[in-house]
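A look at the structure
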Amino acid sequence: MPVYNFKQMAPVPSASDLVDIVLTRTQRRTPTVVHPGYKITRIRSFYMRKIKFTQQTISERLTAMLNDFPRLSDIHPFYSDLCNTLYDRDHYKLALGQINTAKTLVDAVARDMIRMVKYGDSLYRCKCLKRAALGRMCTILKRQKASLSYLEEVRKHMSRLPALDPNTRTLLMCGLPNVGKSSFMNKITRANVDVQPYAFTTKSLFVGHTDYKYLRWQVIDTPGILDHPLEQRNTIEMQAITALAHLTCSVLYFMDISEQCGYTIEQQCNLFRSIQPLFANKQLVVVINKIDQQPWDTLESEKRAMIEELVKDSGSNTTMLQMSNVSEEGVSQVKNTACDKLLAARVDSRVSGNKVDSVMNRLQVVYPTARDGITREAYIPESVLKEREQHGGKKVFPKSRIGYAPTKDDSDDGDETPVESDDDDMVGGGGYEASSTGPRKKTARELMWENGGPGVWAPDYREQYDLADPEWRFDAIPQILDGKNIADYVDPDIDEKLRLLEEEEEQLQAEYEAANLERMNDDDSLDEMEKAAVDEIRDRVKIARTYKERPGGRNRPALPREIRGRVKDKHDDGAKLKASAIEKRMEKYGVDASQMIERGRKREREDSRSRRRHDEDREMENASPTPDDEEMRNGRGLSKGAMKRAKKERDESVKRERSLARSHSRPREPSQMGLKDKDAVKIAKKVEGLGQRKWAGGSGEGDQRKAVHLVKWMNTGKKRNGTHYCR
């Protein structure tokens, strides 16, 4: 795992964004209302709290920023020099120092202004001091515009740096541009580095991982290095120099002997000598690449001697290997050699260190000592020697080879069945086979192949039971439930009863089939037209039953009574539930629908009469009173009982009128609602329903908002600070 993870650094806001963040947070998290009638101590604490909160917010933001960025003196020297190469150490430290200075200035401004607010004698004076304090703090932040923008760019670049561990097992590739480093990395790792036929395709460090001897190895691909002084090398080349200088690794120096990279072998040797001091205390492998284009054996003797002399002069830690990325010849050998050399070097360094002493004190190695001087040979049983003599000294298979793939030990002739595995030698049924030393028990595998193979036959493990009496092995094991044997409660005549039940079931089935046959014979008395009608009715009944029993049919709700009898589809005349359509549809099923239609017409006439009677009663109520009504209301011409009932009805009607007057649902005349007639009332109700359907859930017809309710700014901030005022 990498030691440093620069991807977790928080983004650095710009100066203007930082000012907005601070002021918005101050506005939301502090009280916002103060009145001149408050005590002066309360007014002072109100504005002091705002100044202090602003200072704390700025300090928290800048401190988190300073803690996120690494200190170059505290991190690994590889990352320290890499940051110096990429971002300029002085510029980096200067930007962080300016941020730290800004934090100190903000703290000083807040301290001074709070001291002045303590002696404010009015609300206006305290408010002016608060504005001055916040303004000075924001001015300090705005002056850090360049530093903040520079640190944000550095953060973006650092988040894209390879996540490598400087202390783990590492293979590092270096050399001139376009010599095959990236292609080799793509071969041995799961990385996908861009490979192009021009120089400096790789412009930064790339990290891949591979496995060797159950260990995870880190492979680093570096940009190409040119042969010129260190001061003239650019940023791309300095990344490779930094990795060579600070990483403990196994170095693979690639050389292109075909010279297709654009550099001669002499130039490649000169580069090796110029960076050779960086190879000190490292395991070095000189990789002769592209041997598919220029084989090592056919290379010119002068160039070959130059390379061999270079390897010889570099020391005992240097190894020369040949490979080709195209034909993959020698790729695995180069990887394995480099890994083995680094593993051996790491073990030697640990053994030579001080840590091994503490481990060796806890280890004790015991070596066996000889008890006498007698030499004891291996013992071979006589039965094995006899079998070998019988087969002419040929190796004998101790077990059957049935069901196994042929191996190199099998016979070469046409009969591929090994010795002592022929089926002809098996004794049928007894589980033993004949041999010179007597009957041999068959193995479970042999019995398995004789009885159908795997999945068909299973061994009977009861033979291996160790019981007091061997005859008990194949007895049925009793099943115990609640301390009682189930076999004691089994009816001994269960088989006979089951047979009688089966016979009775067969008899009932035969009677049912005979009844169906008689019913089919009755149909023979019908003529052809009647038979066709009967068949059609049965088919339709079957289709209707199937449609009713299908899964989707049960979930469909029944039609409400309000829409029964209405037109289901105005474009489908057959869907109209009229008397003629019902009669026509029922005739298809052979059902007389005349009585049903007559009953429906009778019910419709009764409904129309009741509606007509209700309308007449309403008209009589709304009509102006006649002299006869006045006479009846006054009680003239009525008996005492009729007068009491009339008076009771009048009292109840008065109470009902008062109740309706208080109710909002009382029906009113069209003229009272500003409409002309009843048709206009219907149209108005329809339009009202359509409007309510559109703005249901809103505050009114004009409510077109599409907002999220209960947003954060409505529920956080003010209520925790002792006020519910939401301005």
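Bear in mind that the values here come from a model prediction, so they are computed numbers and not experimental data.

1. A word on the pairing of strand 4 (residues 250-256)
- Of all 7 residues making up strand 4, 7 are buried, and the element is well covered by its neighbours.
- What you see with strand 4 is no split at all: Ser-250, Leu-252, Phe-254 and Asp-256 on one side and Val-251, Tyr-253 and Met-255 on the other are buried throughout.
- When strand 4 meets strand 5 (residues 283-289), the two strands line up parallel, connected through 7 bridges. Bridge pairing in strand 5 places Phe-254 opposite Val-287.
- Read from strand 4 through helix 9 (residues 265-274) to strand 5, the crossover connection turns out right-handed.

2. Some details on the environment of Asn-281
- Note that Asn-281 resides in the loop between helix 9 and strand 5.
- The exposure class of Asn-281 is exposed, given its relative accessible area of 80%.
- For the pair formed by Asn-281 and Thr-248, sequence separation is 33 residues and the distance between their alpha carbons is 8.4 Å.

3. So, the sheet that holds strand 5
- Ordered by their spatial adjacency, 6 strands build an open sheet running 2-3-1-4-5-6, and the pairing between neighbours is mixed. If you trace the sheet from one side to the other, it starts and ends with strand 2 (206-212) and strand 6 (318-322), each paired once. Looking at each pair of strands side by side, their axes are set apart by 25° on average, direction ignored.
- Pairing of strand 1 (residues 170-174) with strand 3 (residues 215-221) involves 4 bridges; the strand directions are parallel. Counted as the bridge partner of Leu-172 is Ile-220 from strand 3.
- Helix 9 contacts strand 4 and strand 5 of the sheet and is inclined by roughly 160° relative to strand 4.

4. Observations concerning a nonpolar patch on the surface
- Residues Tyr-461, Tyr-465, Leu-467, Trp-472 and Ile-477 make up a contiguous nonpolar surface patch of roughly 580 Å² in combined accessible area.
- Mapped onto the elements of the fold, Trp-472 is located in the loop between helix 14 (444-450) and strand 9 (480-481).
- A residue is classified by how much of its surface remains accessible, and Trp-472, at 47% relative accessible area, is partly exposed.

5. What about the nonpolar core?
- In terms of nonpolar packing, the biggest core is built from 102 residues, with Ile-51, Phe-69, Phe-184, Leu-252, Tyr-253, Phe-279 and Ile-307 touching the most fellow members.
- No other element matches the 11 residues that helix 4 (residues 89-117) contributes to this core.
- Excluding residues within four positions of it along the chain, Ile-307 makes contact with Met-255, Ile-257, Ile-265, Cys-269, Ile-288, Trp-296, Leu-299 and Met-320.

6. Let's talk about the side chain of Gln-55
- Structurally, Gln-55 can be placed in helix 2 (residues 40-68).
- Given a relative accessible area of 16%, Gln-55 falls into the buried group.
- Look past the residues within four positions of Gln-55 in its chain and what remains in contact with it is Val-106, Asp-107, Ala-110 and Met-137.

7. What about a negative patch on the surface?
- On the surface, Glu-502, Glu-504, Glu-505 and Glu-506 cluster together into a negatively charged patch.
- Within the element layout of this structure, Glu-504 appears in helix 15 (residues 494-522).

Rules behind the numbers
- Residues numbered from 1 in each chain as written.
- Predicted model: local features only at pLDDT ≥ 70, side-chain atom pairs only at ≥ 80, totals over all residues.
- Heavy atoms only, no water.
- Buried < 20%, exposed > 50% of the residue type's maximum accessible area, 1.4 Å probe, protein only.
- Helix = DSSP H or I, 4+ residues; strand = E, 2+ residues; numbered from the N terminus.
- Pairing = 2+ DSSP bridges.
- Right-handed = clockwise from strand over helix to strand, strands pointing away.
- Axes fitted to C-alpha atoms, helices over the stretch in contact; angles between N-to-C directions.
- Contact = heavy atoms within 4.5 Å.
- Patch = residues over 30% accessible without salt bridge, like charges linked within 9 Å, V, L, I, M, F, W, Y side chains within 5 Å.
- Areas by Shrake-Rupley, 256 points an atom, 1.4 Å probe, with all protein chains shown as cover.
- Salt bridge = Lys/Arg side-chain N within 4 Å of Asp/Glu carboxyl O.
- Core = buried A, V, L, I, M, F, W, Y, C linked by side-chain atoms within 4.5 Å.
- Lys, Arg positive; Asp, Glu negative; His and termini not counted.
- Charge placed at Lys NZ, Arg CZ, Asp CG, Glu CD.

These figures capture arrangement, not role.
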